[in-house]
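Residue-level structural notes
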Amino acid sequence: MAASIFGVFDEVTQNKIISSKVLVVGAGGIGCELLKNLVLSGFPDIEIIDLDTIDVSNLNRQFLFRKEHVGKSKAQVAKESALHFNPDAKITAYHDSIMSSDYDLEFFKKFDLVMNALDNRVARNHVNRMCLAADKPLIESGTAGYLGQVSVIKKTVTECYECQPQAAQKTFPGCTIRNTPSEPIHCIVWAKHLFNQLFGEDDPDQDVSPDTADPELAGEAGKAALESEAKADAAGGIKRKSTQAWAMETGYNAEKLFNKFFRDDIKYLLSMEALWKKRKPPVPLDWNNLPQDVPATTHQVAICDQRLWSVQECADVFAKSLSSLKEELIKQGEGGMLVWDKDDDPAMDFVTSAANIRAHIFGIPSKTRFDVKSMAGNIIPAIATTNAIIAGLIVMEGLKVLREEFDKCKAVFLNRQPNSRKKLLVPCQLEKPNPKCYVCAPKPEVTVILNTHKITVKVLEEKIIKGGLGMVAPDVEIDDGKGTILISSEEGETEENTEKFLEQFGINNGVRLKCDDFLQNYNLTIIIYHRDKLEEDKEFQIIGDVSEIQAKYLEDKENEDKQPNGLTEKQATEAATAVEDEDEVMLVEEEEIQQITVSKKRKHDEEPEVVNGDTVKKQRLISDVAEHYDDIIS
Amino acid sequence: MAEQITITEDEAALYDRQIRLWGLDAQRRLRASRVLLIGLRGLGAEVAKNIVLAGIKSLTLLDHTVVTEEDACSQFLVPRQDVGKNRAESSLHRVQQLNPMVDVQADISNVGDKPDDYFLNFDVVCATCCTLTLLHRIDEICAAHKIKFFAGDVFGFYGYMFADLGFHEYAEDVQKTKAKENIGEGEPATKKAKIEELETHVVKKSATFTRLSNAFEFDWGTTEGAKKLKRTPNTFFIIQVLLQFMEKFSRRPEVKTLLEDRQALEELTPGVLEKIGLKSDYISPEFARSCFAELSPVCAIVGGVLGQEIIKAVSQKDRPHRNFFFFNGIDGSGLVDQIGD
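By the naming in an unreviewed UniProt entry, chain B is SUMO-activating enzyme subunit 1, taken from Sinanodonta woodiana. Its UniProt record, at the heading Sequence similarities (unreviewed entry), says of chain B: "Belongs to the ubiquitin-activating E1 family." Under the heading Subcellular location (unreviewed entry), UniProt records this for chain B: "Nucleus".

If you look chain A up in an unreviewed UniProt entry, it shows as SUMO-activating enzyme subunit from Sinanodonta woodiana. Recorded under Pathway (unreviewed entry), the UniProt text for chain A is reproduced unchanged: "Protein modification; protein sumoylation." In its Subcellular location (unreviewed entry) section, the UniProt record describing chain A reads: "Nucleus".

Residues and elements named next belong to chain A. A rise of 1.5 Å per residue sets the reference length of helix 5 (residues 121-134), with its 14 residues, at 20 Å; its end C-alpha atoms lie 20 Å apart and thus fit the reference within 8%. With twelve of its 14 residues buried, helix 5 lies for the most part within the structure. Every buried residue belonging to helix 5 is among R121, A123, R124, N125, H126, V127, N128, R129, M130, C131, L132 and A134, and all of these are buried. On its buried face, helix 5 is in contact with strand 1 (22-25), helix 4 (105-109), strand 4 (113-116), strand 5 (138-144), strand 6 (147-153) and strand 13 (522-530). If you check the start of helix 5, you find a side-chain oxygen 3.3 Å away from the backbone N of V122, and it comes from N120. Directly after helix 5, the chain includes D135, whose backbone phi takes a positive value near 50°.

This part takes up the pattern of salt bridges. Considering all chains together, one arrives at 53 salt bridges over all chains under this definition. K74 of chain A is paired through a salt bridge with D52 of chain A; the nearest N and O atoms lie 3.5 Å apart. Taken together, the positions of K74 of chain A in helix 3 (residues 74-85) and D52 of chain A in the loop between strand 2 (45-49) and helix 3 put the pair 22 residues apart, joining distant regions of the chain. Judged by relative accessible area, which is 5%, K74 of chain A ranks as buried. Given a relative accessible area of 33%, D52 of chain A falls into the partly exposed group. Of the charged contacts in the structure, one is a salt bridge between R319 of chain B and E172 of chain B, with a shortest N-O distance of 3.3 Å.

Turning to the sheet that holds strand 11 (residues 485-487) of chain A, a few remarks are in order. All names here are of chain A. Here six strands make up an open sheet; going across it, the order is 11-10-12-13-9-14 and the pairing mixed. At either margin of the open sheet sits one strand with a lone partner, and together these are strand 11 and strand 14 (540-543). Across this sheet, the average inter-strand angle for adjacent strands is 30°, counted without regard to direction. Of the strand pairs in this sheet, strand 10 (residues 474-478) and strand 11 are connected by two bridges, and their pairing is antiparallel. Directly across from E477, in strand 11, lies its bridge partner I485. Sitting on the sheet, helix 15 (residues 457-468) touches strand 9 (445-450), strand 10, strand 11, strand 12 (512-517), strand 13 and strand 14, and the angle it makes with strand 11 is about 65°.

Okay, the UniProt feature "domain: Ubiquitin-activating enzyme SCCH" (unreviewed entry) in chain A next. The UniProt entry lists residues 335-373 of chain A under the feature "domain: Ubiquitin-activating enzyme SCCH" (unreviewed entry), expressed in the numbering used here. As a span, residues 335-373 of chain A carries 56% helix and 0% strand, and end to end its C-alpha atoms are 28 Å apart.

Let's shift gears to the environment of V150 of chain A. All names here are of chain A. On the secondary structure map, V150 appears in strand 6. Sequence separation between V150 and L269 is 119 residues; the distance between their C-alpha atoms is 49 Å. The contacts of V150, once residues within four sequence positions are left out, are I139, E140, S141, I390, L393, I394, E397, K410, A411 and V412.

Calculation criteria
- Residues numbered from 1 in each chain as written.
- Chains lettered and ligands numbered in written order.
- Predicted model: local features only at pLDDT ≥ 70, side-chain atom pairs only at ≥ 80, totals over all residues.
- Heavy atoms only, no water.
- UniProt positions renumbered as here; feature names shortened; annotations may be inferred.
- Helix = DSSP H or I, 4+ residues; strand = E, 2+ residues; numbered from the N terminus.
- Expected span 1.5 Å × (residues − 1).
- Buried < 20%, exposed > 50% of the residue type's maximum accessible area, 1.4 Å probe, protein only.
- Contact = heavy atoms within 4.5 Å.
- Polar contact = N/O pair within 3.5 Å; in protein donor to acceptor, adjacent residues only side chain to side chain.
- Salt bridge = Lys/Arg side-chain N within 4 Å of Asp/Glu carboxyl O.
- Pairing = 2+ DSSP bridges.
- Axes fitted to C-alpha atoms, helices over the stretch in contact; angles between N-to-C directions.

Pasting the structure below:
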């Protein structure tokens, strides 16, 4: 153990390590490597937490696990394996979620340093808040394929994880999914929605039927379709009840389901003529008359998942997966439902077949099961080497944190190729905290734009306060001088409020809501900004920086005064340029990293290929200016 | 040969996350490659872990030395109680456990005693913990027989890797913006903007590498050398002093002789620098305070880069780093540099 051997570290570092207590959040790709580095470096007291169990696809990089460990707790097995490297280390393992109330402020206060080795934004946001509340330094990290990053978060000294707005998850307009798909991904998203409609939770945002509210159908063009909607409803009698209830009644009959989704719905779409004036119209398929001339991959392919299926094969898989999924659902009993999982074979088969049948209908290239799994499961490829490098960098930053040399701490990026200054590892100056951050500012405030006549208390709680603002168990009162309680974290206390609209509580433009999350020790004031209609038909919009909303409001005003499409040529050019300069944002959730921002602009300057975490573009630019050739190289 | 190897369904499941990154062809080539790893200290352990997990065909662990107390800083493949036992043999069990599909062997003989044709049994030779003289010899043998050669070492906070792939051909993904004319035609402008996407093309490229001796014997005193020097990582010269120490004393600097080794390094430095045309004080002797044992995080970083370069070389996928990577844990820099040609 390095810290117990004199002469490896300087004395200060050695003593800091020997007396430290650290927390590792996550025992996956980065977590395994990190735990190894920590015990070998001589960290004497380590706690590690992970709610996950071991899967066979982890074994190519999570080297503390072996085949016989599949299905067991990651944290527990990681602990046992790492103890072989250093039997003197004290390791405490928790097979649990870090977001559980068991890991409260007192828990976090025990540590000198917290290191995140997480794969999702929700948990990252939560640990960020816990570390701010406990005033403990946090090292944040992530990898995606060949790329990775590490950065340090210290209350009042650096930016926190949520100081910069986080990129929204990539979504597609509902009408593209339901009416006019043009890419394989549109069909895959539709197929996942179909899965949920048939077997999962009913979500009105995931409707799979033709959408008559498509903006393209405005005016005369949509009339025919709107008229025929009534007919279709009467004829099929399908739309009026839930898709799931209807499918259940048919006993998940493959022929009936196939003909509804791939024949009748498509015929209905065809009746919306305006959609097909310039597009290639879809071709309905009939269960009993499937095209036999569409060849599958015939040549030998090494992995059967990498073979393309013919339409007939898709239909066969569709039928087979339907019956397996039906069985699974029945096993769950009354009120049961299935959750789509990329590692569940029937669920994966269902989505692959349904997506490819739809793709065929719309003349979109089909995809192999292997590719559909990547896209539907948002799989981030992951390798041992990148995780090893990032875990090494975490410890290097950790040593500076223990010595409290926060001025020397950096955000470090691992690139695929060295930049023009020869850097494969690119260190960047850490940003100062954003004074308007709705998490780490002294008095956090956030503005939410919504329609108070349309948003219920339930939506406010679930989608906005928990989903959007990352609270776990919020208490919310209206800042009306009376302290009216809108939402209570005590179960059942405010149940009668859930279905009521905000305006029924007198919540209108400018009203302030005081939110308090006891676990996160976090108080946030929400300022309601009422609008009748939001851009792109969003349900709500969260604006961290109030000045942004003022700018936005002015802009909207100007636009209202103009003719539609009445931009001058100059304005149009400016707008186009603005789009070009804007970062192209791609968000990938789940495995290994929560978010990657590939900056288009970056390609023009010195960093040829960069993965950025949410906050980083600015940091990197600053460091590029600040650092001079010679002091980096020599 | 690689083309004939088929990936089984079990392998596809195990290697799923990396096949999604580098593709099936690269995985097949990996599956066919035989690697010799010389030196099983901290850096060697990291390299062994990384390439065995990736799924090469076979790995030979070659080391005649025995486990010491220092190994506890970074050698996670040897059990703690194995101090005094052979490093290669002690590592064998845990390396094999990392991936039962890889054929792993231990060889306890001294690499210096191996005849030239021993190296011909391998597609890749990766040499750690070797003296410069030995590295030069193995590099020449590999170059003469088209074997991919790698060298690397870690000293405390400092580490490096070197690659000589000879004439190396590889495939590289190049991304272009795809203009979508047919499908996007009917889309209204607002939808159209979102359809633009990147398309990946595979481009075949090649690179020629220079010998290790050209890098270590490069004269920095010339005008051309002086110009290059400004942009050459200092870590390169620190490594040269450390390698010179090994040459002179036939051992590495060790914590049990900390003070005298530190002094020896400080005394060696001016001579090493002058010999390659540099001022005797070009690097500060301070480095001698932080170059003992092998730090685990430094091994992880250098071993991660080195492991990935081996994977790139055998899979012939992606542009290799030419020809050095240096990590300096004191200033935090991680730089790739082309030295010697």
